[in-house]
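Residue strings, one per chain:
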Protein chains: 2
Amino acid sequence: MNILFAQGGGPTAVINSSLQGVVEAARESGKVDKIYAARFGAEGILKGDLIDLTDVPASTISLLANTPASAIGSCRRKLTEEDYPTVLKTLRKFDIDCFFYNGGNDSMDTCNKVNELAKAEGLDLRVIGVPKTMDNDLDITDHCPGFGSAAKYAALSASELALDASSLPIHVVVLELMGRGAGWVTAASALASRVTTCRQLTYLPEVPVDVDWMLADIEREYAKGKGLIVTVSEGICGLDGKPLADSGIVDGFGHTVPGGTAQYISNQIMEKLNLKSRAEKPGLLGRASIPYASEIDRQEAYAVGRYAMEAALKGESGYMVAIEAHRGAKYSYDLFLAPLDKVANVEKKFPVEWIVGGNQISDAFFDYALPLMMDELPKYAQLR
Amino acid sequence: MNILFAQGGGPTAVINSSLQGVVEAARESGKVDKIYAARFGAEGILKGDLIDLTDVPASTISLLANTPASAIGSCRRKLTEEDYPTVLKTLRKFDIDCFFYNGGNDSMDTCNKVNELAKAEGLDLRVIGVPKTMDNDLDITDHCPGFGSAAKYAALSASELALDASSLPIHVVVLELMGRGAGWVTAASALASRVTTCRQLTYLPEVPVDVDWMLADIEREYAKGKGLIVTVSEGICGLDGKPLADSGIVDGFGHTVPGGTAQYISNQIMEKLNLKSRAEKPGLLGRASIPYASEIDRQEAYAVGRYAMEAALKGESGYMVAIEAHRGAKYSYDLFLAPLDKVANVEKKFPVEWIVGGNQISDAFFDYALPLMMDELPKYAQLR
């Protein structure tokens, strides 16, 4: 049998581990003839531009574990009704038996449509979705591969910045983190006030922000003299429901791309509070960093890839691999198959009850997220 | 004998390793009674606000190796002539025999003045400067503790971002890195084009930038279709000698604080070239990140601390510890003492002959800097 693997949307720090899982499971099965990957995701499928990975050395495949971004290329093109015949043409041309699509909400929708269409056309195709999104907004699965690493990046970066801000408390430091509609990643940054003595305010896109109140909170907390870090999602909105700083750019899926939120807040702090302020925005680094990647996240990303290949070999189709988490004394997980039509286009929101007073994150979030990020909290010497 | 250790200016990822080196060498010598640290640097010295580290457990001191920012606090206050009598008062009050000042150019100037004044006043004080600056702009020493880690952060972050930019080539990614007057850290980001297939343009503050030429270069390189990353120092200036984006803020040492350079360039790319663009600015994260810290940098930072304590025990005064590097098949180094008056207020510039064609960095820089950053280059699977 021949398989095709494609990636869609923004990459994560561990996205290639899922590809590694699929390839290694395919090779071990002895049942796969050709292993193809779509060059630049949907674009490659539409052009019939596939990469033949069949004979790529095992040593190169193992490098995928420490390769961020998409090793085979991705794109933001959303497939439309008119595209699907071309997709089927490519699948037929390369005699594909199993199609794996590695992505988030939009990709699972694509996956679902390809599956339906293949059935309708009488094509013997197995379609399995492999979840991937740092945004953690896929439904049914406990969490998404890619989230743990992005959350760890946010948590440790904010903690390190908090140490800097409190050791040289000459300015209010504002840190912008990715997350347009869902605050999952930014919430993780709230670890800073748990492992340092720095004061912290955290704003997620789920709660509209009154900028005057925000500034009043900033002024009060900074005055306590222990340093202050303000961590914000790029997508936070004002009371009018509009992003605080809007770049005006719309991506290929029709989503508005926000940007400059931290700089906007920082400017307000300087102008209205007459305090020094710095805005930091690591941006895409938050999804691309290997040194900050979560080991458990990497293991899970690899495991969902293997599981997808194994499910396809058993003849399953029309499912996404999902994770069931067991948060006991030691974290563990199981994998299962969730129907694609149940996950497609559903956005799992951050529970608003985990946002305390508009700018603090409850321990319930860390009970949920910490096992996905790290085994133990960082320990710092704070001698002041 | 009693010792006092203080930190000045911006911290680095390994600044606390130097403190650890001083404390551990002091304890092992059996000759030191009281170990004091100035709380928030010069501010603590002026207020007589010292932290007594004498009985801090060894296990806490060992955490300093993985604690970014200043564990004892720092400040940007530059001591003036009127301050020096107060400094001497504190030194007398706590019966200080050895004074260590851990900092960059400005701190070495302070160190030198304290040493001169103590001599003039007949005070039996030993003064040793402990070098620290991510900017790498101290003279005489081959390089500064803190630089290797900041350079590694710039190099790996740019490489990871380059992989992201080339795997999903929908925008020009502009990365802003710290370095106001000297381009040492930003130069390290040029590793990206050496370990990925992404195109790269790098701009340092040493060469004034013609924005129209820059945009023409960006348009041409992006059109090659392999993705493009533009890495810039925060302090790059236009042909008029003014920073491209000037925040208008001046720090305690009288230096202008630039900011928003990447966002400015990104806006120009969108407006004038009609290309999508993203600006990323990790800012202070570049000096605070522990996961990206260089192991050899950490070892050297620790070693200069120990060496400073040992020099003081031998009765030396009026020197800064400096590094002599041996770049053989395997990197090694020796330490020596450099007269404070030779290093104070001298800024070591990035050699302009290492900047090729205004936007590329020569291999000569990497021959110099790579051994300070990492043992081996990162290896990525690039299957496209």
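First, a word on scope: everything that follows refers to the structure included in this document. Not measured: the values here are computed from a predicted model.

**Some thoughts on the sheet that holds strand β3 (residues 50-52) of chain A**
Residue and element names in this part refer to chain A. Spatially, seven strands are ordered β3-β2-β1-β4-β5-β12-β13 in an open sheet, and the strand pairing comes out mixed. What marks the edges here is a single partner per strand, and that holds for β3 and β13 (331-339). Across this sheet, the average inter-strand angle for adjacent strands is 25°, counted without regard to direction. Of the pairings in the sheet, the one linking strand β12 (residues 319-327) to β13 comprises nine bridges and is antiparallel in character. Across the sheet, residue H326 finds its bridge partner in β13, namely S332. Helix α14 (residues 363-373) contacts β12 and β13 of the sheet and is inclined by roughly 105° relative to β12.

**Notes on the sheet that holds strand β4 (residues 98-103) of chain B**
Residues and elements named next belong to chain B. The strand order across the open sheet built from seven strands is β3-β2-β1-β4-β5-β12-β13, with neighbouring strands paired in mixed fashion. Each of the sheet's edge strands pairs with one partner strand only, and the pair in question is β3 (50-52) and β13 (331-339). The mean angle between the axes of side-by-side strands here comes to 25°, regardless of whether they run parallel or antiparallel. Both strand β1 (residues 2-7) and β4 contribute to a ladder of five bridges, which runs parallel. Note that in β4 the partner of F5 across the bridge is F100.

**A short note on the pattern of salt bridges**
Counted under the stated rule, the structure contains 40 salt bridges over all chains. Salt bridges linked by common partners bring R199, D217, R220, E221 and K224 of chain A together as one network.

**Digging into the packing of aromatic side chains**
Across all of its chains, the model carries 27 aromatic pairs over all chains by this definition. Seen in terms of ring centroids, Y292 of chain A and Y292 of chain B are 5.5 Å apart; in terms of plane orientation they differ by 50°. Their pairing is tilted. Of this pair, Y292 of chain A sits in the loop between α11 (285-288) and α12 (295-313) while Y292 of chain B sits in the loop between α11 (285-288) and α12 (295-313), on two different chains. By relative accessible area, which is 1% here, Y292 of chain A ends up buried. Ring centres of W354 of chain B and F365 of chain B lie 6.1 Å apart, and the angle between their planes is 65°; this geometry places the pair in the edge-to-face category. Of this pair, W354 of chain B sits in the loop between α13 (340-343) and β14 (355-356) while F365 of chain B sits in helix α14 (residues 363-373); the two residues are eleven residues apart in sequence, bridging distant segments of the chain. Owing to a relative accessible area of 15%, W354 of chain B belongs among the buried residues under this scheme. Aromatic rings pair up to connect F147, W184, F350, W354, F365, F366 and Y368 of chain A into one cluster.

**Regarding the relation of the copies chain A and chain B**
Once chain A has been moved 0.0 Å along the axis and rotated by 180°, it coincides with chain B to within an RMSD of 0.0 Å. The transformation just described matches what one would write down for a two-fold rotation axis. Of the C-alpha atoms belonging to chain A, the one lying closest to the rotation axis is found on P282 of chain A, 2.1 Å away. A high fraction, 100%, of the interface residues of chain A reappear at the interface in chain B, so the copies pair face to face through one surface.

**Here's the deal with unusual backbone geometry**
Residues and elements named next belong to chain A. Phi is positive for D95, close to 55°, though the residue is something other than glycine. With respect to the helices, strands and loops of the structure, D95 is situated in the loop between α4 (84-93) and β4 (98-103). The class of D95 is exposed, set by a relative accessible area of 51%. At N136, a residue that is not glycine, the phi angle is positive and equals roughly 60°. Relative to the elements of secondary structure, N136 occurs in the loop between β5 (126-131) and α6 (147-167). The buried category is assigned to N136, whose relative accessible area is 0%.

**Remarks on the interface of chain A and chain B**
Taken together, the contacts link 67 residues of chain A with 67 residues of chain B. Carbon and sulfur atoms make up 64% of the area that chain A and chain B hide from each other, which totals about 5,100 Å². On the chain A side of the contact with chain B, L285, L383 and R384 of chain A bury the most area, a combined 14% of that side's loss. There are four salt bridges connecting chain A and chain B. In this structure, the salt-bridge partner of D164 of chain B is R287 of chain A, at a minimum N-O distance of 2.8 Å. Put simply, chain A and chain B have 27 residue pairs in polar contact (both at pLDDT 80 or more) between them. Secondary-structure elements contributing two or more residues to the side of chain A that touches chain B are α3 (58-63), α6, β6 (172-177), β9 (246-250), α10 (261-272), β11 (277-280) and α11 of chain A. Per-element tally for the side of chain A that touches chain B: the top contributor is α6 of chain A, with nine residues. Looking at the side of chain A that touches chain B residue by residue, the class counts come to 37 nonpolar, 17 polar and 13 charged.

Thresholds applied
Residues numbered from 1 in each chain as written. Chains lettered and ligands numbered in written order. Predicted model: local features only at pLDDT ≥ 70, side-chain atom pairs only at ≥ 80, totals over all residues. Heavy atoms only, no water. Pairing = 2+ DSSP bridges. Helix = DSSP H or I, 4+ residues; strand = E, 2+ residues; numbered from the N terminus. Axes fitted to C-alpha atoms, helices over the stretch in contact; angles between N-to-C directions. Contact = heavy atoms within 4.5 Å. Salt bridge = Lys/Arg side-chain N within 4 Å of Asp/Glu carboxyl O. Phe/Tyr/Trp six-rings, centres within 6.5 Å; stacked < 30°, edge-to-face > 60°. Buried < 20%, exposed > 50% of the residue type's maximum accessible area, 1.4 Å probe, protein only. Least-squares fit on C-alpha atoms with pLDDT ≥ 70 in both. Buried area = accessible area lost by both parts, 1.4 Å probe. Polar contact = N/O pair within 3.5 Å; in protein donor to acceptor, adjacent residues only side chain to side chain. Nonpolar A, V, L, I, M, F, W, Y, C, P; charged D, E, K, R; others polar.

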